[in-house]
Amino acid sequence: SQLASTQATFGAEGGPAGDPNATLRLAENRLRELKQLYTPQFPEVITQQKLVDSLRASPPKTAAVDSSGHERPVSNPVFEQFKVQLVETDANIQSIQRQIADATAEESRLEAIAKGVPELEAQFTNLNRDYDVVRKNYDELVARREGMRISDAAQKKASNIKLVIIDPPTVPRVPVAPNRVLLSLGVLLAGIGAGVGVIGAMLAFDQSFNTLADLRSLGLPVIGSVSLAMLPPTIWDRLRQVGVFGGAVALLALVLTGVLLHFAQQA
């Protein structure tokens, strides 16, 4: 729209020569119009300000005239500048459009990859499971192969060794030691000796006083003593005591005889 509203040339054919600073004045007027509409930071204001600065820095050009003294048309540098900006803007637009197309294609590619991630994860899980199964079977086969090798080696070694059994081993029915008869007699004698020893020890360590003389041996005056009055045992009492003692001895002899006979039969 700025290019359409800007004159391409200055001066009309057949007219008198114009002012050579008309271009600068036109650019300044355009700058004032833009400043009334926009802020100094607006892109068009900045571009127009650069154009005015460049025109002020360049020397003024005189209008060209023909042989008849009339002014020939002179190209407007503002128009040329706008054409250059239009070409640059078109190039930028095409570049940005290419970038948008590339970004769109990349977005589509990434979306396709993102959509395929669950399927890839499922395939990865299946591959891991299959690998674990195959690995387990492989380990089992290797273990079986090693076992077969060891068994084969053992069989080959065993085939070279011949064993001849001359006297097969037997379990003895009678223990070698100790002698059960002598052991039983020894236990009996040890029990009788232990009983006698206990009674002798009790008598040896007895500190009581059994008689009046033992009491007077302490050097103390003794007035007298009280004796235990007991009735003389009757015949039945003596028979009962003899029977109890004799029964115990007989029972002991019977048990000892049975044990000895048992061991004698096993021998």
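Here, the structure is the one placed above.
Note that the structure is a prediction, hence the values are computed from the model and not measured.

Caption draft 1: Up close: the side chain of Q48. Mapped onto the fold, Q48 is located in helix α2 (residues 43-57). Other than its neighbours up to four places away in sequence, Q48 contacts A27, R30, L31, L34 and F82.

Caption draft 2: Representation of the packing of helix α4 (residues 180-204) against helix α6 (residues 235-266) within the structure. Two elements in contact, α4 and α6, have axes separated by 9 Å at closest approach and are oriented at 160 degrees. Classed by the angle they form, the pair α4 and α6 counts as roughly antiparallel. The element α4 and its partner α6 pack so that their crossing is right-handed. Contacts from R180, V181, S184, L185 and L188 in α4 reach L252, L256, V259, L260 and F263 in α6. Considered class by class, the residues forming the contact of α4 with α6 number eight nonpolar, one polar and one charged.

Caption draft 3: Representation of the nonpolar core within the structure. In this structure, A27, L31, L34, V45, L51, V52 and L55 together form the largest nonpolar core, which totals seven residues. Among the secondary structure elements, those contributing two or more residues to this core are α1 (22-37) and α2. No other element matches the four residues that α2 contributes to this core. The residues contacting V52, other than those within four sequence positions of it, are L24, A27, E28 and L31.

Caption draft 4: Highlighting the packing of aromatic side chains. In the structure shown here, the tally under the stated rule is one aromatic pair. Both rings, one in Y38 and one in F42, keep their centres 4.0 Å apart while their planes meet at 5 degrees; by these two values the pair is stacked. Among the residues examined, F42 registers a relative accessible area of 28% and is labelled partly exposed.

About the cut-offs
Residues numbered from 1 in each chain as written. Predicted model: local features only at pLDDT ≥ 70, side-chain atom pairs only at ≥ 80, totals over all residues. Heavy atoms only, no water. Helix = DSSP H or I, 4+ residues; strand = E, 2+ residues; numbered from the N terminus. Contact = heavy atoms within 4.5 Å. Axes fitted to C-alpha atoms, helices over the stretch in contact; angles between N-to-C directions. Parallel < 35°, antiparallel > 145°, perpendicular 65-115°, else oblique. Left-handed = near helix turned anticlockwise from the far one by under 90°. Nonpolar A, V, L, I, M, F, W, Y, C, P; charged D, E, K, R; others polar. Core = buried A, V, L, I, M, F, W, Y, C linked by side-chain atoms within 4.5 Å. Buried < 20%, exposed > 50% of the residue type's maximum accessible area, 1.4 Å probe, protein only. Phe/Tyr/Trp six-rings, centres within 6.5 Å; stacked < 30°, edge-to-face > 60°.

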